[in-house]
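Examination of the molecular architecture
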Amino acid sequence: HAIAELISEDADRATVMLARLGDFLRHALESSKQPWGSVATEIAGLEAYLAVQQARFRDRLSIEVSVPQAAAALAIPSMLLQPLAENAVEHGRGGPAATLVVSVDVTIIGERLLIIVHNSTPQLTAPLSPGNYGHGLNNVASRLHAAYGSAATFRVGPDPRGGTMAVLEVP
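The numbers attached to residues start from 1 for each chain and follow its sequence in the written order. This being a predicted model, a pLDDT of at least 70 is required before a residue's local features are given, and a value of 80 or more before pairs of side-chain atoms are given or counted; all residues contribute to the totals for chains, interfaces and linings. Each side-chain value is worked out from all heavy atoms of the structure, with water and hydrogens disregarded.

1. Quick look at the environment of Ile63
- Every helix listed is a DSSP run of H or I at least four residues long, and every strand listed is a run of E at least two residues long, numbered separately from the N terminus. Within the secondary structure, Ile63 sits in strand E2 (residues 61–66).
- Taking the relative accessible area as the measure of exposure, Ile63 reaches 28% and is therefore partly exposed.
- Put simply, Ile63 and Leu21 are 42 residues apart on the chain and 17 Å apart in space, counted from C-alpha to C-alpha.
- It only takes one pair of heavy atoms within 4.5 Å for two residues to be counted as in contact. The residues contacting Ile63, other than those within four sequence positions of it, are Leu50, Gln54 and Val102. A 1.4 Å probe rolled over the protein chains alone gives each residue an accessible area, and that area as a share of the maximum for its type sets the label: buried under 20%, exposed over 50%, partly exposed in between.

Structure representation (structure tokens):
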């Protein structure tokens, strides 16, 4: 709908947004064929999704992605990160700040992969209980449990730096 509205307002921006949407849909289609993908592949798909949002919100959205090279080849369930980024954008864009910052930080700590998806606003007052998860977060939690059992952790809550963060930790 955002692209349709944009066509009459700014055809060049609509064209960019449509191209980014095509990139994301290609990634989603390819990911549906494989239950696991590399961190690099998942980040590329996530960046395609976020590029659509960037074209949509322009200077009201800032995106930061940090992935060490050592993590790029590690495998994670396909399409695991996109719902977290979608939540970060959708729940954060109504905040008081002029620019919403969404960041994705991937880190290796010992034998574990830590992924944090953060938005700069709003800040939750307490950790979100699984009973309050929506469809996207429930999907992420279910897929993590199916892939890793109790060896994975997932939580959503206030970020001490401000804003909200979703934290995945997997072996």
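Let's pick the thread back up.
2. Description of the nonpolar core
- Leu81, Leu84, Leu113, Ile115, Leu144, Phe154 and Leu168 are the most contacted members of the largest nonpolar core, which has 36 residues in total.
- Ranked by the residues each element gives to this core, the list is headed by helix H3 (residues 39–57), at 7 residues.
- Those residues in contact with Phe154 that lie beyond four places of it in its chain are Leu84, Tyr133, Leu137, Val140, Ala141, Leu144, Ala166, Val167 and Leu168.
- In this description, a nonpolar core means a group of buried Ala, Val, Leu, Ile, Met, Phe, Trp, Tyr and Cys residues linked to one another through side-chain atoms lying within 4.5 Å. The next biggest cluster of nonpolar side chains, apart from the first, holds 6 residues, and it includes Ile3, Leu6, Met17 and Val52.

3. Remarks on unusual backbone geometry
- In this chain, Thr121 is followed by Pro122 through a cis amide linkage whose omega measures -5°.
- Here Pro122 shows up in the loop between strand E5 (112–119) and helix H6 (135–148).
- The phi torsion at Arg58 lies on the positive side, around 50°, for a residue other than glycine.
- Positionally, Arg58 belongs in the loop between H3 and E2.
- Owing to a relative accessible area of 44%, Arg58 belongs among the partly exposed residues under this scheme.
- Phi at Met79 takes a positive value of approximately 55°, unusual for a residue other than glycine.
- Positionally, Met79 belongs in the loop between strand E3 (75–77) and helix H5 (82–92).

4. So, the pairing of strand E4 (residues 100–109)
- Pairing of E2 with E4, which is carried by 6 bridges, proceeds in the parallel orientation. Paired with Ser62 across the two strands is Val101, which belongs to E4.
- Counted along the chain from E4 to the antiparallel partner E5, the turn is 2 residues long, and its residue Gly110 has a positive phi close to 60°. Pairing between strands requires that DSSP locate at least two bridges from one strand to the other.

5. Some words on the sheet that holds strand E6 (residues 153–158)
- Read from one edge of the open sheet, 5 strands run E2-E4-E5-E7-E6, paired in mixed fashion. Each edge of the sheet is formed by a strand with only one pairing partner; in this case those strands are E2 and E6. Pairwise comparison of adjacent strand axes, ignoring direction, gives a mean angle of 10° for this sheet.
- Note that E5 and strand E7 (residues 164–170) share 7 bridges and pair antiparallel. Bridging from a neighbouring strand, Leu114 pairs with Glu169 of E7.
- Angles here are taken between N-to-C directions and fall from 0 to 180 degrees, while the axes themselves are lines fitted to C-alpha atoms, restricted in helices to the stretch in contact. Where H6 meets the sheet, it contacts E6 and E7, and its direction lies at approximately 150° from that of E6.

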